[in-house]
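# Fold and geometry: a report
Now for the letters of each chain:
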Amino acid sequence: MKQFMKYAAVGVAGYLVGFYEMKYKVVKAMAQGFVEKEQEDSKKEKEEEA
């Protein structure tokens, strides 16, 4: 029974780490896409002003 509890604890910990790592990657990708879009928009505005 103790061995099973160890495996269960390791499994839950691994699941949480994987979940939060994926969540971090998704948020990072979204933020990067937003920044790139803002940079493109600002370049277009500067070209239109000139």
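The structure we're discussing is the one just above.
So, here is what we can say about the structure in this document.

Basis of the calculations
Counting restarts for each chain: residues are numbered from 1 in the order of the written sequence. In keeping with the model being predicted, local features are shown solely for residues with a pLDDT of at least 70 and side-chain atom pairs are shown and tallied solely at 80 or more, while totals for entire chains, interfaces and linings include all residues. With hydrogens and water set aside, each side-chain value is computed from the structure's full complement of heavy atoms. Here the aromatic set is Phe, Tyr and Trp, taking the six-membered ring for Trp, and pairing holds for ring centres within 6.5 Å; pairs whose planes are under 30 degrees apart are stacked, those over 60 apart are edge-to-face, and all others are tilted. Helix and strand definitions here come from DSSP, where helices need a minimum of 4 consecutive H or I residues and strands a minimum of 2 consecutive E residues; each element is numbered from the N-terminal end. Partly exposed residues are those whose accessible area sits between 20% and 50% of the maximum for their type, while under 20% is buried and over 50% is exposed, using a 1.4 Å probe and protein chains only. For salt bridges, the criterion is a side-chain nitrogen of Lys or Arg within 4 Å of an Asp or Glu carboxyl oxygen. Candidates for patches are residues over 30% relative accessible area with no salt bridge; among them, like charges are joined within 9 Å and nonpolar side chains (Val, Leu, Ile, Met, Phe, Trp, Tyr) within 5 Å. Here the open area of atoms and residues is found with the Shrake-Rupley method and a 1.4 Å probe, where only the protein chains shown may cover a residue. When charges are counted, neither His nor the chain ends are considered; positive counts come from Lys and Arg and negative counts from Asp and Glu. Charge positions are represented by NZ for Lys, CZ for Arg, CG for Asp and CD for Glu.

### Observations regarding the packing of aromatic side chains
The full count for this structure, using the stated rule, is two aromatic pairs. Ring geometry for Y15 versus F19: centroids 6.5 Å apart, planes at 20 degrees, classification stacked. Of the two residues, Y15 and F19 both sit in helix α1 (residues 2-49), four residues apart, roughly one turn of that helix. Judged by its relative accessible area of 57%, Y15 is exposed. Here the aromatic rings of F19 and Y20 are separated by 5.3 Å at their centres, their planes lie at 75 degrees, and the arrangement is edge-to-face. Accessibility expressed as a relative area gives 41% for F19, which makes it partly exposed. By the ring-pair criterion, three or more aromatic residues cluster together here, those being Y15, F19 and Y20.

### Digging into the pattern of salt bridges
Applying the stated rule across the entire model yields one salt bridge. One salt bridge in this structure joins K25 and E21, with 3.5 Å as the shortest N-O distance. On the criterion of helical spacing, the pair formed by K25 and E21 is a turn pair, its members being four residues apart in helix α1.

### A few points about a nonpolar patch on the surface
On the surface, a cluster of nonpolar side chains totalling about 550 Å² of accessible area is made up of V12, Y15, L16, F19 and Y20. Here Y20 is to be found in helix α1.

### Quick word on a negative patch on the surface
Together, E38, E45, E47 and E48 give the surface a local cluster of negative charge. Checked against the element boundaries, E38 lands in helix α1.

Any functional reading would require information beyond the geometric quantities listed.
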